[in-house]
Amino acid sequence: MEGNAEYEKKIALLKTKVQSFPDFPKEGILFWDIFSAIADGESCRLLQSLLTEVVQAKFPEVEAIVGLEARGFLFSFSLAAELGVACIPVRKKGKLPGDVLSYEYDLEYGSDTLQIQKGTICPGLKCLIVDDLMATGGSITATSQLLKRCGAQVIGCLVVMELLSLNGRNNIPDNISVHSLIKYD
C-alpha cells in the first residue's frame, strides 16, 4: 500500500479528479467533492479497485461494511457486494423504518443524530466503517459508538479523503484503525 509506487501513482491520479468548493455548505467550509472523482468510468473503477485492495490487505476479517449517510452509501454497497459481506447503512434521524437505535453527536458545523435498525447487527459482527471524508472524526466516532451499543466489533474505518488539518484521527477511539486513500493538509 503506502510506499508502493504503483499504489501511490493510482492515489495521485484519483486525487487529481477531486474538486473542492469554498463556502459550502456554509461560509468558511472548504468542501471536497468525491462526486467529481467518480464522474467518469475510469475513475470510478480506479476508486473501487483501491477500496477493495485496502480492505483485502488491511481488514481481511471484515464481515460487514457499514456505510455512512450519504456518500458512504456510494462505496459501502459495491464494496460489500464485491467482498461478499453484509452492507449495513447508518442514517440520519428519521430515515430508517422500524425500531432503531440512535446516537447524537457534534459536527464541525452543528450536531446530528445517527441511527441504525435494530437487529441488523449480531453480537461480535466484525464491522468496517466506510465513508467518503473524515474531517473532525465526529460521525465516525458516533458510528463506532452506535455499533458498539449493538454489540458489533468495529475493526476499522476506511475513508476516501481525510482533512489532516482538522485532526480527526485524534478523536477516533484508539482501538479503531483508520485508513484514508487521499490526505489533504
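Residues numbered from 1 in each chain as written. Predicted model: local features only at pLDDT ≥ 70, side-chain atom pairs only at ≥ 80, totals over all residues. Heavy atoms only, no water.

Novice: Where do I start with unusual backbone geometry in this structure?
Specialist: Trans peptide bonds make up the majority, and among non-glycine residues the majority have a negative phi. Residue Pro25 follows Phe24 across a cis peptide bond; omega there is 5°. Assignment of secondary structure puts Pro25 in the loop between strand S1 (19–22) and strand S2 (30–33). A cis amide bond, omega -5°, links Glu69 with the succeeding residue Ala70. Relative to the elements of secondary structure, Ala70 occurs in the loop between strand S3 (64–68) and helix H3 (71–83). One non-glycine residue, Asp23, lies in the positive phi region at around 60°. Looking at the secondary structure, you find Asp23 in the loop between S1 and S2. Here the phi dihedral of Asn167 falls at roughly 55°; this positive angle occurs in a residue that is not glycine. (Helix = DSSP H or I, 4+ residues; strand = E, 2+ residues; numbered from the N terminus.)

Novice: Mind showing me how you'd approach the packing of aromatic side chains here?
Specialist: How two aromatic rings sit relative to each other is given by the distance of their centres and the angle of their planes. Tallied over the entire structure, the rule returns 2 aromatic pairs. Seen in terms of ring centroids, Phe24 and Phe31 are 5.2 Å apart; in terms of plane orientation they differ by 85°. Their pairing is edge-to-face. Between the aromatic rings of Trp32 and Tyr184, the centroid separation amounts to 3.8 Å while the plane-to-plane angle is 15°, which identifies the pairing as stacked. A residue pair is termed long-range when its members are at least 10 positions apart, and Trp32 in strand S2 and Tyr184 in strand S9 (residues 177–184) qualify at 152 residues. When sorted by exposure, Trp32 lands in the same class as Tyr184, which is buried. (Phe/Tyr/Trp six-rings, centres within 6.5 Å; stacked < 30°, edge-to-face > 60°. Buried < 20%, exposed > 50% of the residue type's maximum accessible area, 1.4 Å probe, protein only.)

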